[in-house]
Amino acid sequence: MSEPHTGANAARTAHSYKQLKEDFVSNLSGGSVTEVAQVCAVAPVVTLLWSVLQSRQSFFKPYTPLAFVIDYLLNVGALLLSVTLYSSSPILLNILLLTAAAFVYAVPPSSSSSSKKKPARPSNAKSSTTTNPQGLSVLSTKPFLTNYRGNMLVVTCICILAVDFRLFPRRFAKVETWGTSLMDMGVGSFVYSAGIVASRPLLKERAEGKTTPLGTRLIRSFRHSLPLLALGMVRLLSVKGLDYAEHVTEYGVHWNFFFTLGFLPPFVALFQSALAVVPSYAGLAVLLSVGYQTVLETTGLKGWILVGVRDSLLSMNREGICSFWGYLAIFLAGQDMGMVVLPRSLGSSSKASGKVLLTKMGSWAAVWMGMYFLATDYKYGAGLSVSRRLANLPYMLWVVAFNQGLLFAFAVVDVVFFPQFYSAGDARAEKEAYETATSRVLKAYNRNGLAVFLLGNLLTGLVNMTVPTLHAGRLATMGILVAYMGAVTGVAVGLDAWDVTIKL
């Protein structure tokens with residue numbers, strides 16, 4: 001008679017632990033916008049240190065095993081420290097990294113320093129509608145974009161597992177309803193960066209003078225959506241089937257982030273038709289978000305989302321369905337910035353192109369920050385509160401303004417330490433300058449971003465199913481997180497080394 005009794009106790013224990021994990025990520029109020037900025041500042045500061053090492057000492061060229069270890073410790077290890085052991089003192093971590101950068105800069109540069117190389121002379125490559133006579137495409141993959149997206153993916157992969165450990169501060173985890181946190185910023189940043197990348201085919205169409213019919217755009221968008229929707233369905237079935245701990249008020253009973261990503265492409269294709277009326281993706285983003293906020297404030301929608309009864313499929317997933325409009329606005333804003341940072345100014349002085357780009361980016365960052373201030377300030381603005389759960393207007397403006405500022409910081413490091421990229425005479429010289437100015441680790445994360453993110457989700461689930469994360473001490477937590485990020489990074493770098501690109 002003891003075995004059934006033991007089984008019942010085990011079931012009760014498993015249920016109570018699941019409830020404990022759900023409570024662990026529920027009813028959180030977040031932290032300050034300033035603290036989120038201080039933690040995220042570690043990323044461009046690390047890039048600054050990496051750039052000093054590379055531009056002054058050519059430390060990562062050739063890319064030796066030691067170079068890979070330092071690359072990993074800087075671009076993964078430092079970010080891991082910023083959300084764990086240094087989570088209460090991110091300013092100190094930034095100071096330590098800046099001090100190291102100053103020390104390296106003070107050391108005389110090596111004779112093989114990449115910054116001393118002169119741009120290659122223009123080649124005789126044939127031109128086309130999307131290239132100039134030097135073989136340079138009208139679009140360019142700038143090093144700071146790779147650094148920005150790579151860092152965003154690294155932090156995302158760290159946080160999705162770290163949040164299940166007590167070492168990860170609760171103020172960094174997703175807020176229940178009102179407030180700001182690091183992970184709230186992370187999910188919005190993922191969508192924003194996807195918007196930047198999505199502007200590339202649009203720019204190619206413009207360069208070629210083509211206009212794609214709406215029907216064709218929708219068909220293409222659904223092709224991009226299907227893998228994401230399939231991943232969303234797989235996650236839904238696995239979470240329900242394995243009785244995995246879940247936070248219902250995050251997206252709803254059945255909805256998850258993959259569904260949000262999957263429905264973005266077709267709606268973006270529809271909104272492109274509105275460019276005839278509002279010739280700006282930023283304008284569309286603001287109009288959409290203002291319209292959504294107006295509906296929230298003037299109808300019962302906000303109350304229904306927050307406290308409504310879950311008695312239908314729609315009401316069960318109201319958070320995910322309604323917040324989709326906010327994420328769509330963030331995606332459109334990302335596309336607008338992609339229109340700024342991806343094109344190459346072939347008609348202007350290449351030496352001045354970096355400064356021109358910085359001016360544009362800095363101006364846009366100031367505009368978005370100003371709008372965020374007007375939306376949230378209680379004395380001079382509307383006094384609205386940020387809500388990732390609603391993806392309301394203040395949340396959209398915070399995410400866009402923050403990412404614009406972060407992009408600008410990465411771009412400044414890029415232009416200062418690797419100006420040869422912006423004065424490259426031909427495609428070969430530009431490629432060499434790009435490889436010199438880009439971390440191999442971040443390049444690998446950026447190349448297969450969605451696949452790496454999916455791997456991180458799978459490993460996170462595996463760890464949670466095999467390790468009682470809430471009972472892990474500091475040493476065990478750091479050991480697990482280092483091993484986990486080592487595995488994710490190893491797969492990412494391996495795929496890049498084997499020249500494998502996984503498109504999802």
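Refer to the structure above for everything that follows.
My aim in this report is to walk through the structure given alongside it, one point at a time. (Residues numbered from 1 in each chain as written. Predicted model: local features only at pLDDT ≥ 70, side-chain atom pairs only at ≥ 80, totals over all residues. Heavy atoms only, no water.)

1. Here's the deal with the packing of helix H3 (residues 42-57) against helix H16 (residues 393-417)
Phase 1 of the analysis: At a closest axis distance of 10 Å, the pairing of H3 and H16 adopts a crossing angle of 10°. Overall, the two elements H3 and H16 adopt an arrangement that is roughly parallel. Counting all contacts with H3, which are made through Ala 43, Pro 44, Thr 47, Leu 48, Ser 51, Val 52 and Ser 55, the residues of H16 involved are Leu 406, Ala 409, Phe 410, Val 413 and Phe 417.
Phase 2 of the analysis: Among the residues making up the contact of H3 with H16, the classes are represented as nine nonpolar, three polar and no charged. (Axes fitted to C-alpha atoms, helices over the stretch in contact; angles between N-to-C directions. Helix = DSSP H or I, 4+ residues; strand = E, 2+ residues; numbered from the N terminus. Parallel < 35°, antiparallel > 145°, perpendicular 65-115°, else oblique. Contact = heavy atoms within 4.5 Å. Nonpolar A, V, L, I, M, F, W, Y, C, P; charged D, E, K, R; others polar.)

2. Let's talk about the packing of helix H6 (residues 143-162) against helix H19 (residues 449-466)
Phase 1 of the analysis: The N-to-C vectors of H6 and H19 enclose an angle of 15°; their axes lie 9 Å apart at closest approach. By the angle between their directions, the pair H6 and H19 is classed as roughly parallel. H6 and H19 meet at a crossing whose hand is right-handed. Within the contact between the two elements, H6 uses Leu 153, Thr 156, Cys 157, Ile 160 and Leu 161 and H19 uses Gly 449, Val 452, Phe 453, Gly 456, Asn 457, Thr 460, Val 463 and Asn 464.
Phase 2 of the analysis: Class assignment of the residues belonging to the contact of H6 with H19 gives a composition of seven nonpolar, six polar and no charged. (Left-handed = near helix turned anticlockwise from the far one by under 90°.)

3. What about the pattern of salt bridges?
Phase 1 of the analysis: Summed over all chains, the structure comprises 13 salt bridges.
Phase 2 of the analysis: The residue Lys 210 makes a salt bridge to Glu 208 at a minimum N-O spacing of 3.3 Å.
Phase 3 of the analysis: As a salt-bridge pair, Glu 319 and Arg 389 come within 3.1 Å of each other at their nearest N and O atoms. With a gap of 70 residues between them, Glu 319 in helix H14 (residues 318-341) and Arg 389 in the loop between helix H15 (350-376) and H16 connect regions that are remote in the sequence. Across the pair, Arg 389 and Glu 319 agree in class, each one buried.
Phase 4 of the analysis: Within this structure, Lys 443, Arg 447, Asp 496 and Asp 499 form a network of salt bridges that share partners. (Salt bridge = Lys/Arg side-chain N within 4 Å of Asp/Glu carboxyl O. Buried < 20%, exposed > 50% of the residue type's maximum accessible area, 1.4 Å probe, protein only.)

4. Points about empty space enclosed by the protein
Phase 1 of the analysis: Tallied over the full model, the rule gives two cavities of 30 Å³ or more.
Phase 2 of the analysis: Space inside the largest cavity adds up to approximately 220 Å³.
Phase 3 of the analysis: Looking at the largest cavity, it is lined by 19 residues, and the ones nearest its centre are Cys 40, Asn 151, Met 152, Val 155 and Leu 406.
Phase 4 of the analysis: Where the lining of the largest cavity is concerned, the elements lending two or more residues are helix H2 (33-40), helix H4 (65-82), H6, helix H7 (182-208) and H16.
Phase 5 of the analysis: Among the residues forming the lining of the largest cavity, the class breakdown is 13 nonpolar, six polar and no charged.
Phase 6 of the analysis: Each pocket or cavity is described by its volume, and for the second largest cavity that value is around 30 Å³.
Phase 7 of the analysis: Considering the residues around the second largest cavity, the lining is formed by Thr 47, Trp 50, Asn 75, Asn 147, Ala 437, Thr 438, Ser 439 and Leu 442.
Phase 8 of the analysis: Here the lining of the second largest cavity is built from residues that sort into three nonpolar, five polar and no charged. (1 Å grid on protein atoms, 1.4 Å probe; cavity = no way out; pocket = protein on both sides within 12 Å on 5 of 7 lines; lining within 4 Å. Points joined across faces, edges and corners; volume = space filled by probe spheres on them.)

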